[in-house]
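Now for the letters of each chain:
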Amino acid sequence: MTRTEPDGKELGGRVAAILARCRQLHVEPAQLRSLSGYDRLQQAASGKQPRWQPWLLPGLLAILLAVFVHQELYTVQGLSRLILWVEGLNVENEPCMIEMHPIMADLTAAPNNCSRCSDVLDVDRVSNITPQEFELKYAYSGRPVIITDGTANWTAPAVFNFQFFKELYAESSGRLAADSTEAGCQFFPYKTNFDGLSDVFSMSAARANMQKGEEPWYIGWSSCDSAAGNELRRHYTRPYFLPETAESTRLDWIFMGTPGFGAHLHIDHVKHPSWQAQLHGRKMWTLEPPRECLSVCRSMDVTVNQGEIIVLDTNMWYHMTQIVSDEISITIGSEYD
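Just so it is clear, the structure is predicted and the values come from calculations on it, not from any experiment.

### Things to note about the environment of Gly260
And then number 1: Here Gly260 is to be found in the loop between β5 (252–257) and β6 (274–280).
And then number 2: Taking the C-alpha atoms as reference points, Gly260 and Asp326, separated by 66 residues in sequence, lie 8.9 Å from one another.
And then number 3: Filtering out sequence-adjacent residues up to four positions away, Gly260 remains in contact with Gln322 and Ile323.

This is the structure:
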């Protein structure tokens, strides 16, 4: 036999009979109302079914769309704000909101103006350049340049070495920048097994001094500790060629490693162009134009020698480095606005 569901009228009659029988049995109304399904029974008995107002769903959709557009939830920034709000975090105090894969960061980056690199056939090498000349041709044009006398009169080349940094960031000093949770502190292990500067400066003397059979290494970090930064700046000055109106950031970047190693091909996502001074050793830079400019701009290889400074818009040029000297390479750099 095929069972058929009762229609609304028949169902209402059955429910009304059940309620009438409850009254005959002297079941108190308060007891009935305590039942979780009592309201639904009353509705069935009356033959009335709950119904949605026809304007309710479109209204909700309109409100959600308005919030979506107003809060810019279709952008990375808007979505980040939402995630922080859900997590109960203050957006003003959280500079690193979402760990974005480099490929996604590249895909969402604003397109470049290829005219900025179409006439760049090589990396210029200049010296004794005035701030006015540098600003006119290189500072904000996207054209890379090497200043061959950039570190003249600096004491950093004579002072900075592995032992100097080991003592500066000694465990007792409390200035292990890579292990700090302060804003702006970063550590790049590249292809090493180091988790921070404490690991770097705990390596054996044999490995640090590149003795035969030891594993090579290359690392980078930002010196976000003010005391360490002040000590570093005792040995170098603001590059003489920067425009008078330009300011270097207070955040120093140090890169150090052994021959044959370096940074993989990548593009940075920072606010400003940057300079990097080669204090020890020599490093070869491979520069590639933005992906959208490959048909009109060329790739270049250039070696930066000890005492020279390379100036590069790392937001525009993909870059890879390799240490080509027989000694440890040490560089220091910063952004400028």
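### Side note on the side chain of Lys283
And then number 1: Positionally, Lys283 belongs in strand β7 (residues 283–288).
And then number 2: Buried within the structure, Lys283 lacks any salt-bridge partner; its nearest side chain of opposite charge belongs to Asp268, at an N-O separation of 11 Å.
And then number 3: Polar contacts involving the side chain of Lys283 include one to the side chain of Gln276, which spans 3.1 Å.

### Digging into the sheet that holds strand β9 (residues 309–312)
And then number 1: The 8 strands are arranged β1-β2-β9-β6-β11-β5-β4-β3 in an open sheet whose pairing can be described as mixed. Two strands bound the open sheet, and with one partner strand each, they are β1 (124–126) and β3 (187–188).
And then number 2: Helix-sheet contacts for helix α12 (residues 226–233) involve β4 (218–223), β5 and β11 (329–335), and the interaxial angle to β5 is about 75 degrees.

### Thoughts on helix α4 (residues 56–70)
And then number 1: Taking 1.5 Å as the rise per residue, α4 with 15 residues should run 21 Å; its terminal C-alpha atoms sit 21 Å apart, in good agreement.
And then number 2: Downstream of α4 by a residue or two, Glu72 has a phi angle that is positive, lying close to 55 degrees.

### Thoughts on a nonpolar patch on the surface
And then number 1: Residues Leu79, Leu82, Ile83, Trp85 and Val86 make up a contiguous nonpolar surface patch of about 510 Å² in total accessible area.
And then number 2: Note that Trp85 resides in helix α5 (residues 76–87).
And then number 3: In this structure Trp85 comes out as exposed when scored by relative accessible area, which is 65%.

### Some thoughts on unusual backbone geometry
Most peptide bonds adopt trans geometry, and most residues besides glycine take a negative phi value.
And then number 1: Phi is positive for Tyr190, close to 50 degrees, though the residue is something other than glycine.
And then number 2: Of note, Tyr190 is situated in the loop between β3 and α10 (197–200).
And then number 3: Judged by relative accessible area, which is 22%, Tyr190 ranks as partly exposed.
And then number 4: With phi around 60 degrees, Met210 is a residue other than glycine that occupies positive phi space.
And then number 5: Residue placement: Met210 occurs in the loop between α11 (205–208) and β4.
And then number 6: For Met210, a relative accessible area of 30% corresponds to the partly exposed category.

Here is what the cut-offs are and how they apply
Residues numbered from 1 in each chain as written. Predicted model: local features only at pLDDT ≥ 70, side-chain atom pairs only at ≥ 80, totals over all residues. Heavy atoms only, no water. Helix = DSSP H or I, 4+ residues; strand = E, 2+ residues; numbered from the N terminus. Contact = heavy atoms within 4.5 Å. Buried < 20%, exposed > 50% of the residue type's maximum accessible area, 1.4 Å probe, protein only. Lys, Arg positive; Asp, Glu negative; His and termini not counted. Salt bridge = Lys/Arg side-chain N within 4 Å of Asp/Glu carboxyl O. Polar contact = N/O pair within 3.5 Å; in protein donor to acceptor, adjacent residues only side chain to side chain. Pairing = 2+ DSSP bridges. Axes fitted to C-alpha atoms, helices over the stretch in contact; angles between N-to-C directions. Expected span 1.5 Å × (residues − 1). Patch = residues over 30% accessible without salt bridge, like charges linked within 9 Å, V, L, I, M, F, W, Y side chains within 5 Å. Areas by Shrake-Rupley, 256 points an atom, 1.4 Å probe, with all protein chains shown as cover.

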